[in-house]
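Here are the chains, one letter per residue:
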Amino acid sequence: MFLHDVLDSTVKKVKSQTANLLTLANLSLGGFAIIVAIHGNLNLSLLLIFIAALADRFDGMVARKLNIESELGKQLDSMSDIISFGVAPALLIYQGILSDFGAPGAFFIVFYIGCGAFRLARFNITENSGYFTGLPITAAGVLATLSFLAIPHVPPQTFLFIMMTLSLLMVSPFKLKKV
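This one's a predicted model, so the numbers in the text were calculated from it and none came from an experiment.

## Here we look at the overall build of the protein
Reasoning step 1: Scanning the protein for helices and strands turns up six helices and two strands.
Reasoning step 2: Ordered by position from N to C terminus, the α and β elements of the protein give α-α-α-α-β-α-α-β.
Reasoning step 3: Along the three orthogonal principal directions, the C-alpha set of the protein runs to about 70 × 35 × 25 Å.
Reasoning step 4: A burial count over the protein gives 39% of its 179 residues as buried.
Reasoning step 5: Here the protein has roughly 9900 Å² of accessible surface; of this, 72% comes from carbon and sulfur atoms.
Reasoning step 6: Seen as two clouds, the 12 positive and the 10 negative side-chain charges of the protein have centres 7 Å apart.

What follows is the structure, given as structure tokens:
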């Protein structure tokens, strides 16, 4: 009977942390995407960001399905998102093209990260209404990462426009229905 109780308790603890483990996977993948981008492996960075997006997609679904949503999970998700969809895509685009612009390129990247952090903070203090206010950082990060694939095909100035547009969309007041 003792072994059964220990096993049951362990299963309950693991179940209660499943969504947080997926969130930490998201964070870890974003961290590794940053590290490999710094070392010039931009294609691997792109792949890691996309895998982080999958982990991010599933952490919320798992939390709702297992009824284990928590304030800690919400905050952890935001901290992970700023790494995986704020800093990692920004560094990928900076390393891939915007470093050629010097200070303006750096400004657009830092502005993007700041707008992403602002958007996440605003999300964390608002009531869940079934709508997002502004473009979610996950979507912005995935779009920025996707734009990396266009580097050989479009003028470099396009990426200044893309990063500024994504930044402003994140902090804009428009409403987007949650899916």
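## Description of the packing of helix H2 (residues 42-65) against helix H5 (residues 137-148)
Reasoning step 1: In the contact formed by H2 and H5, the axes pass within 10 Å of each other and the chain directions differ by 155°. Taken together, the axis directions place H2 and H5 in an arrangement best described as roughly antiparallel. Where H2 crosses over H5, the two elements pack in a sense that is left-handed. Contact residues: H2 offers Leu 42, Asn 43, Leu 46, Ile 49, Phe 50, Ala 53 and Asp 56, while H5 offers Thr 138, Val 142, Thr 145, Leu 146 and Phe 148.
Reasoning step 2: Of the residues that constitute the contact of H2 with H5, the class distribution is eight nonpolar, three polar and one charged.

## Description of the nonpolar core
A general feature of soluble globular proteins is that nonpolar side chains tend to end up buried together.
Reasoning step 1: Grouped together as the largest cluster of nonpolar side chains are 36 residues, with contacts concentrated most on Ile 93, Leu 98, Tyr 112, Phe 148, Met 163 and Met 170.
Reasoning step 2: Every element with two or more residues in this core is listed here: helix H1 (2-38), H2, helix H3 (71-96), helix H4 (103-125), H5 and helix H6 (157-171).
Reasoning step 3: Broken down by element, the residue count for this core peaks at seven residues, all from H3.
Reasoning step 4: If near-sequence neighbours (up to four positions away) are discounted, Phe 148 is found in contact with Leu 42, Asn 43, Leu 46, Leu 92, Ile 93, Gly 96 and Phe 159.

## Observations regarding the packing of aromatic side chains
Reasoning step 1: Summed over all chains, the structure comprises three aromatic pairs.
Reasoning step 2: The interplanar angle of 85° and the centroid separation of 5.8 Å between the aromatic rings of Phe 107 and Phe 108 together place this pair among those described as edge-to-face.
Reasoning step 3: Using a relative accessible area of 47% as the deciding quantity, one classes Phe 107 as partly exposed.
Reasoning step 4: Judged by relative accessible area, which is 18%, Phe 108 ranks as buried.
Reasoning step 5: A ring pair is formed by Phe 107 and Phe 111, whose centres lie 5.8 Å apart and whose planes are at 20°; its orientation type is stacked. One end of the pair, Phe 107, and the other, Phe 111, are both in helix H4, four residues apart, so they sit about a helical turn from each other.
Reasoning step 6: Put simply, the rings of Phe 107, Phe 108 and Phe 111 touch in pairs and so form one group of aromatic residues.
Reasoning step 7: Against the face of Phe 123 rests Lys 74, its NZ or CZ located 5.4 Å from the ring centre.
Reasoning step 8: Lys 177 extends its terminal NZ or CZ atom over the ring of Tyr 131, reaching a point 5.4 Å from the ring centre.

Calculation criteria
- Residues numbered from 1 in each chain as written.
- Predicted model: local features only at pLDDT ≥ 70, side-chain atom pairs only at ≥ 80, totals over all residues.
- Heavy atoms only, no water.
- Helix = DSSP H or I, 4+ residues; strand = E, 2+ residues; numbered from the N terminus.
- Buried < 20%, exposed > 50% of the residue type's maximum accessible area, 1.4 Å probe, protein only.
- Areas by Shrake-Rupley, 256 points an atom, 1.4 Å probe, with all protein chains shown as cover.
- Lys, Arg positive; Asp, Glu negative; His and termini not counted.
- Charge placed at Lys NZ, Arg CZ, Asp CG, Glu CD.
- Axes fitted to C-alpha atoms, helices over the stretch in contact; angles between N-to-C directions.
- Parallel < 35°, antiparallel > 145°, perpendicular 65-115°, else oblique.
- Left-handed = near helix turned anticlockwise from the far one by under 90°.
- Contact = heavy atoms within 4.5 Å.
- Nonpolar A, V, L, I, M, F, W, Y, C, P; charged D, E, K, R; others polar.
- Core = buried A, V, L, I, M, F, W, Y, C linked by side-chain atoms within 4.5 Å.
- Phe/Tyr/Trp six-rings, centres within 6.5 Å; stacked < 30°, edge-to-face > 60°.
- Lys NZ or Arg CZ within 6 Å of the ring centre and 35° of its normal.

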